[in-house]
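# Fold and contact review
Listed below, chain by chain, are the residues.
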Amino acid sequence: MIKILTPAEMNRCDQATIQNGLPAIVLMERAAHSVVHAVLDEMAGVPHRTLVLCGIGNNAGDGLCMARELTDLSSECTVLMTMGLERLSENAKRQFSLLTKKKCTLTTDLQSLENTLPSYDLIVDAIFGTGLDRPIPKSVDAFLEKVNCSNAFKCAVDVPTGINAATGSLLANHPFNADLTVTFAFPKTGMFFYPARKLVGKLKCSYIGISNETPEAIGWQEKYWMNALTAKKILPPSDPDAHKSSMGRVAVIGGSAHYKGAPMLTLMGALKSGAGMVQGILPVYDHPVYFTIPPEIIVNQINTSHDYHGMNSLDEIFENTQDSDAIVIGPGMGRAYTTTVFVRDFMMGTEKPLVIDADGLYALSSPQALELLAKRGGQTILTPHMGEFSRLTGKTIEQIKANRFEILKDFAQDNGCTVVLKDSTTLISTTEGELIVNTTGNEGLACGGSGDVLAGIIGAYLARGLEAHRAAQLAVYIHGLTADLYKEQHNSSTFTPSILCDMLDKALLTLIR
């Protein structure tokens, strides 16, 4: 996995590297050189005309150095100093001085360039770096609106101007909309979350001389970007001597009169993810079920559960799950009082690996229930979306998004569980506070039932012997990858949870190959 840093952590890494003997101007030269190389790769050659937008800090120094290198490569360069020349940082001044010796146009007049924007092949954003934490100047904001309308290839240096690189929020009405962002050493937290994520474009990390061990040296909070290489390493290998018991038994406790389909999607997710046996622990319904249950799924209807599970079914359900290797509880269960009490008592009465999803999470939405959770023996995974996590923590969604890393880490550690915070970018926290960012998936997953399938996939990998955090991160990655593969050949709005189950094998084959 790839380490992720906050802007503050990245600044400490910069300073530590400089104190260890690598001058800041060398880091700047390397940074600029890495962006030039990335641009040449993406554009398959040297751009004919380049416009470099610079601010006044070290990000501007990177841009000025880039302009010098591109000029050397015979690109016709214009540099716009968007905020004048009076307050340039010392290293930016050095780069400006070097650039004046080259055949490059330098200007501070924004308006003079507005009509020439269509003539550029490449526009480079080196206005503000990762330290931006306030709204950008109105004149720059207005100019960027016109820049974003250009057909030129747009490259951001380290981070697009106008985004908060810590949180992903916007600091401009018209932030730079990049086709490519080349960030230095490590990606920054805010790049992974919307609305900033859609402005980053293709993200590349470049080595500029900062060691991969530096984050640990400066007291970095562990945060990682999940990738295919890690998923492939975690994925349990095929065993030609396997049998149904060795592939794991998954039980899914769920269902109610109004939500009969949810547990079936969870069961299919587990089945299609390689579980050897899947068993549905369902109520007896007073009204018929209008779908076919696949014959591979074992269905145990609990006679004491009429249309929903309750306290009077506890002993029978314990008996029916005693041979399970992992249990998923919650999909479609409903929120009857007796159901919430049942969830809490079942959770505390078993030490088997447990995934708590959907209405199961509702049962935990009180301080007393969370006190029980913290005392539970056995591995526990919670899978809330933002609304459910808001209920669990008592914080608003806005508060969570502004400080999601710390809030999620603290909740997972305080309650002794792995937490999968489902969102357009899903964030996972281990019981030790390690944080994992997942960026697979797309808007096709915004369909009722997608989360039920995910719970089943997690359950399958738990049953197959993976530790809770490994099962969670692998399942989330594959779940999203399946949606991405579908979008390559179909309109994402036609993606359904049933299609998701059917396509899991394609995602697994893609990962293996």
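Look above for the structure.
Not measured: the values here are computed from a predicted model. (Residues numbered from 1 in each chain as written. Predicted model: local features only at pLDDT ≥ 70, side-chain atom pairs only at ≥ 80, totals over all residues. Heavy atoms only, no water.)

Turning next to the nonpolar core. Counting residues in each nonpolar core, the largest one holds 68 residues, and the members touching the most others are Leu53, Val79 and Ile123. Among the elements that make up this core, the one with the highest residue count is helix α2 (residues 24-43) (eight residues). Dropping the residues within four chain positions of it, Ile123 is found in contact with Leu51, Leu53, Leu117, Val147, Ser150, Ala152, Phe153, Lys154, Cys155 and Phe176. Residues Leu282, Val453, Ile457 and Ala475 belong to the second largest nonpolar core, which totals 54 residues. (Core = buried A, V, L, I, M, F, W, Y, C linked by side-chain atoms within 4.5 Å. Buried < 20%, exposed > 50% of the residue type's maximum accessible area, 1.4 Å probe, protein only. Helix = DSSP H or I, 4+ residues; strand = E, 2+ residues; numbered from the N terminus. Contact = heavy atoms within 4.5 Å.)

Right, let's talk about the side chain of Asp357 for a bit. When you line up the elements, Asp357 lands in the loop between β14 (354-356) and α13 (359-362). Residue Asp357 is classed as buried on the basis of its relative accessible area, which comes to 2%. A distance of 2.6 Å separates a polar atom in the side chain of Asp357 from a polar atom in the side chain of Thr383. Discounting residues that sit within four places of it in the chain, Asp357 has contacts with Ile329, Gly330, Pro331, Thr383, Lys422, Gly451, Asp452 and Ala455. (Polar contact = N/O pair within 3.5 Å; in protein donor to acceptor, adjacent residues only side chain to side chain.)

What you see with strand β13 (residues 326-329) is no split at all: Ala326 and Val328 on one side and Ile327 and Ile329 on the other are buried throughout. Across four bridges, the pairing between strand β10 (residues 249-253) and β13 is parallel. In the strand pairing of β13, Val250 is matched with Ala326. Relative to β14, β13 runs parallel, the two sharing three bridges. Bridge pairing links Val328 to Val355 in β14. Remark: the β13/helix α12 (residues 337-349)/β14 crossover connection has right-handed handedness. (Pairing = 2+ DSSP bridges. Right-handed = clockwise from strand over helix to strand, strands pointing away.)

Here Asp141 lies in helix α6 (residues 138-147). Taking the relative accessible area as the measure of exposure, Asp141 reaches 8% and is therefore buried. For the pair formed by Asp141 and Tyr362, sequence separation is 221 residues and the distance between their alpha carbons is 44 Å.

With that settled, consider the pairing of strand β2 (residues 49-54). Burial of β2 is extensive: six of the six residues sit out of reach of the surface. Where burial is concerned, the two faces of β2 agree: the one with Arg49, Leu51 and Leu53 and the one with Thr50, Val52 and Cys54 are both buried. Pairing of β2 with strand β3 (residues 76-81) involves six bridges; the strand directions are parallel. Each residue of the ladder has a partner; that of Leu53, found in β3, is Leu80. Regarding topology, helix α3 (residues 58-72) serves as the crossover connection from β2 to the parallel β3, and that connection is right-handed. Where β2 meets strand β5 (residues 122-126), five bridges bridge the pair, whose relative direction is parallel. Within β5, the position partnered with Cys54 by the bridge is Ala126.

This paragraph deals with helix α4 (residues 90-99). Every buried residue of α4 is listed here: Asn91, Ala92, Gln95, Phe96 and Leu99. Looking straight down α4, one finds its buried side chains confined to an arc of 140°; they lie on one side. Contact partners of the buried residues in α4: α2, α3, β3 and β4 (105-107). (Arc of directions from axis to C-beta.)

Moving on, we get to the sheet that holds strand β7 (residues 180-184). Spatially, the seven strands line up as an open sheet ordered β4-β3-β2-β5-β6-β7-β8, and their pairing is parallel. Both outer strands of the open sheet, β4 and β8 (202-206), are each paired with one neighbouring strand and no more. Going from strand to strand, the sheet's axes swing by 20° on average, the running direction of each strand aside. One ladder, built from four bridges, connects β5 with strand β6 (residues 153-157); its direction is parallel. Note that in β6 the partner of Leu122 across the bridge is Phe153. (Axes fitted to C-alpha atoms, helices over the stretch in contact; angles between N-to-C directions.)

The next thing to look at is the sheet that holds strand β9 (residues 223-225). Strand order in the open sheet made by the 11 strands is β1-β9-β18-β17-β16-β15-β14-β13-β10-β11-β12, with mixed pairing throughout. Two strands lie at the open edges of the sheet, namely β1 (2-3) and β12 (297-306), each paired on one side alone. Bridge count for strand β15 (residues 380-382) against strand β16 (residues 418-421) is two bridges, and the pairing is parallel. Looking at β16, one finds that Leu382 is bridged to Val419. Contacts between α12 and the sheet are confined to β10, β13 and β14, with β13 contributing the most and set at about 165° to the helix. The strands that helix α17 (residues 404-415) touches are β9, β15, β16, β17 (426-429) and β18 (435-438); relative to β17, the one it contacts most, it runs at about 40°.

The next thing to look at is the packing of helix α10 (residues 261-271) against helix α18 (residues 450-463). Put simply, α10 and α18 touch, their axes get as near as 7 Å, and they point 40° apart. If you check the angle between α10 and α18, you find them oblique. Remark: the crossing between α10 and α18 carries right-handed chirality. On the side of α10, the interface is formed by Ala262, Leu265, Thr266, Gly269 and Ala270, while α18 contributes Asp452, Val453, Ala455, Gly456, Ile457 and Ala460. The class makeup of the residues in the contact of α10 with α18 is seven nonpolar, three polar and one charged. (Parallel < 35°, antiparallel > 145°, perpendicular 65-115°, else oblique. Left-handed = near helix turned anticlockwise from the far one by under 90°. Nonpolar A, V, L, I, M, F, W, Y, C, P; charged D, E, K, R; others polar.)

Along the chain, the position of Gly209 falls in the loop between β8 and α8 (214-217). You can call Gly209 buried: its relative accessible area is 15%. A C-alpha to C-alpha distance of 7.7 Å links Gly209 and Arg30, two positions 179 residues apart in sequence. Those residues in contact with Gly209, other than ones at most four positions away along the chain, are Thr17, Leu22 and Arg30.

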